[in-house]
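Structural overview for review
Take a look at the letters that make up each chain.
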Amino acid sequence: MKVAVIGCTHAGTAAIVNTAQLYPDAEITVYERNDNISFLSCGIALYVGGVIKDPQGLFYSSPEKLAELGVTTKMRHEVTAVDTANKTLKARDLNTGREFTDTYDKLIMTTGSWPIVPKLEGMDLDGILLSKNYSHSNTIIEKAQQVKHITVVGAGYIGVELVEAFQMNGKQVLLIDAEDRILSKYLDGEFTAPIQHSLEDHGIKLALGEKVSSFAGENGKVTKVITDKGEYETELVILCIGFRPNTELLKGQVDMLPNGAIIVNDYMQSSVPDVYAAGDSCAIHYNPTGKNAYIPLATNAVRMGTLVARNLVANTIPYMGTQGTSGIKIYEDNIAGTGLTLDAAKAEGIDAESVMITDNYRPEFMPTYEEVQLKVVYERESRRILGAQIMSKMDLTQSINTISVCIQNKMTVDQLAFIDFFFQPHYNKPWNFLNTAGLAALPKPAAVKEPVNV
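Quick summary incoming for the structure in this document. Remember, predicted model here, so these are calculated numbers, not experimental data.

Take Lys 429: it is sitting in the loop between helix H10 (413-416) and helix H11 (433-441). Side-chain polar atoms of Lys 429 contact the side chain of Glu 364, separated by 2.9 Å. Beyond its immediate sequence surroundings of up to four residues, Lys 429 is in contact with Asp 359, Asn 360, Tyr 361, Arg 362, Pro 363, Glu 364 and Phe 423.

This brings us to the packing of helix H1 (residues 10-22) against helix H7 (residues 298-310). Two elements in contact, H1 and H7, have axes whose closest approach is 7 Å; the angle formed by their N-to-C orientations is 25°. Classified by the interaxial angle, the pair formed by H1 and H7 is roughly parallel. For the crossing formed where H1 meets H7, the hand is right-handed. For the pair formed by H1 and H7, the contact residues are His 10, Ala 11, Ala 14, Ala 15, Asn 18, Thr 19 and Leu 22 on the first element and Ala 298, Ala 301, Val 302, Gly 305, Thr 306, Ala 309 and Arg 310 on the second. A breakdown of the residues in the contact of H1 with H7 according to their chemical character gives eight nonpolar, five polar and one charged.

Turning next to the sheet that holds strand S10 (residues 149-153). Taking strand neighbours across the sheet as the criterion, the five strands line up as S9-S16-S10-S11-S12 in an open arrangement whose pairing is parallel. The open sheet has two edge strands with one neighbour each: strand S9 (128-130) and strand S12 (205-208). Adjacent strand axes in the sheet meet at a mean angle of 20°, parallel and antiparallel pairs treated alike. Relative to strand S16 (residues 236-239), S10 is paired through four bridges, and the arrangement is parallel.

What follows deals with the side chain of Asp 188. Examined against the element boundaries, Asp 188 turns out to sit in the loop between strand S11 (172-177) and helix H6 (189-201). The contact partners of Asp 188, leaving out residues within four places of it in the chain, are Arg 181, Thr 341, Leu 342, Asp 343, Lys 375, Val 377 and Gln 389.

Moving on, we come to the environment of Asn 18. Within the element layout of this structure, Asn 18 appears in helix H1. Considering only alpha carbons, one finds Asn 18 and Gln 389, 371 residues apart in sequence, at a separation of 33 Å.

Glancing now at the sheet that holds strand S21 (residues 326-330). Reading across from one edge, S21-S22-S25-S24-S23 is the order of the five strands in this open sheet, with antiparallel pairing throughout. Edge positions in the sheet fall to S21 and strand S23 (352-360), since each of these pairs with one other strand and no more. Adjacent strand axes in the sheet meet at a mean angle of 10° when their direction is disregarded. As judged from the six bridges shared by strand S22 (residues 333-339) and strand S25 (residues 385-392), these two strands associate in the antiparallel manner. Each residue of the ladder has a partner; that of Ala 336, found in S25, is Ile 390.

So, how was this worked out
- Residues numbered from 1 in each chain as written.
- Predicted model: local features only at pLDDT ≥ 70, side-chain atom pairs only at ≥ 80, totals over all residues.
- Heavy atoms only, no water.
- Helix = DSSP H or I, 4+ residues; strand = E, 2+ residues; numbered from the N terminus.
- Polar contact = N/O pair within 3.5 Å; in protein donor to acceptor, adjacent residues only side chain to side chain.
- Contact = heavy atoms within 4.5 Å.
- Axes fitted to C-alpha atoms, helices over the stretch in contact; angles between N-to-C directions.
- Parallel < 35°, antiparallel > 145°, perpendicular 65-115°, else oblique.
- Left-handed = near helix turned anticlockwise from the far one by under 90°.
- Nonpolar A, V, L, I, M, F, W, Y, C, P; charged D, E, K, R; others polar.
- Pairing = 2+ DSSP bridges.

Okay, structure coming up:
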């Protein structure tokens, strides 16, 4: 069996390692256009902020490690065309320029994603950077050392983590986003408001509800960001607007979402036989809605890559879908979410409601205790849990993994009230705060009419 893998980050590495272990006789060839593989891009902000001193810890594999498994890794090789009908691909050696054709029996597309780059005036100015791979992170660190004023465009996870890292390194930081609040795709307003206050309390300036329209510069270097509502002086700009899948190679050959994400079935197979996809290059089955969606997360990628290998020869383990579970730490706040926010549920046309509790995570008779905020979103009629969000100074984020399992198994908010959790005063109360949220959502029982005596 001849296996070709295009792209080698989270999903690609998982697919390659598991394929090599499961099918030792397989001939596996990996095509990677970068000069490194398996970079954990979610650690960029930690690297930029100096928390991670040795970036080699952000790589969890290498061509040498793959070679030990019998895998041929062609670094700095770009695949320029794929013919799924004839099972061939064309590639170019970026070091020598040599072009050649290869064949495959099974094709694994783990080409990942790339930052969205808007077509704006001034985009070619020096000092406007992206944040995705190892090369980007090194450039950001190098450029940031030379400036005082830094602007980050995009208030998603990466953007928020970067402004925190820059501020902690003594920079004057501006965060711009077209939405009227940060992290709007992940959290409802009850959570984003205090996070925004925290950022501002640390000196970070927010320009929310503003859309960048152009950049201006002097001597070829960016000096100003211009939005539809104002102008801001800057010395460096980091674009964190979002990502789109790298799937041009298969455009018109396999089924895709409108944004180009490859649609796969429960066994990671595309609409074309023997073409598999995983990670940021493809859509996921989003359990809260039951629809295909594009949610690029490393956790999704490693699961899907592993399943590709497991199902490469025969359909053995189906994909369970995902809730898009994620977390972030911003200064002292530990935050996590899973599934739909209330805003997102309503945008989907779902008749949803929510319950919000604020409680101390463990008994007040303990020497110390911290407050926890938890919001659970559920469908009004069926009571099915759709999502949840949590925030606390104490790290209680693992509780969101529990809610993720509840969503996965279509549990109701009423069932959440009575799930069996252990009690120990060091860790929680007799009613775990997850139970408490479920109890708070319970409907009042119908009034019982007393019999009338005649």
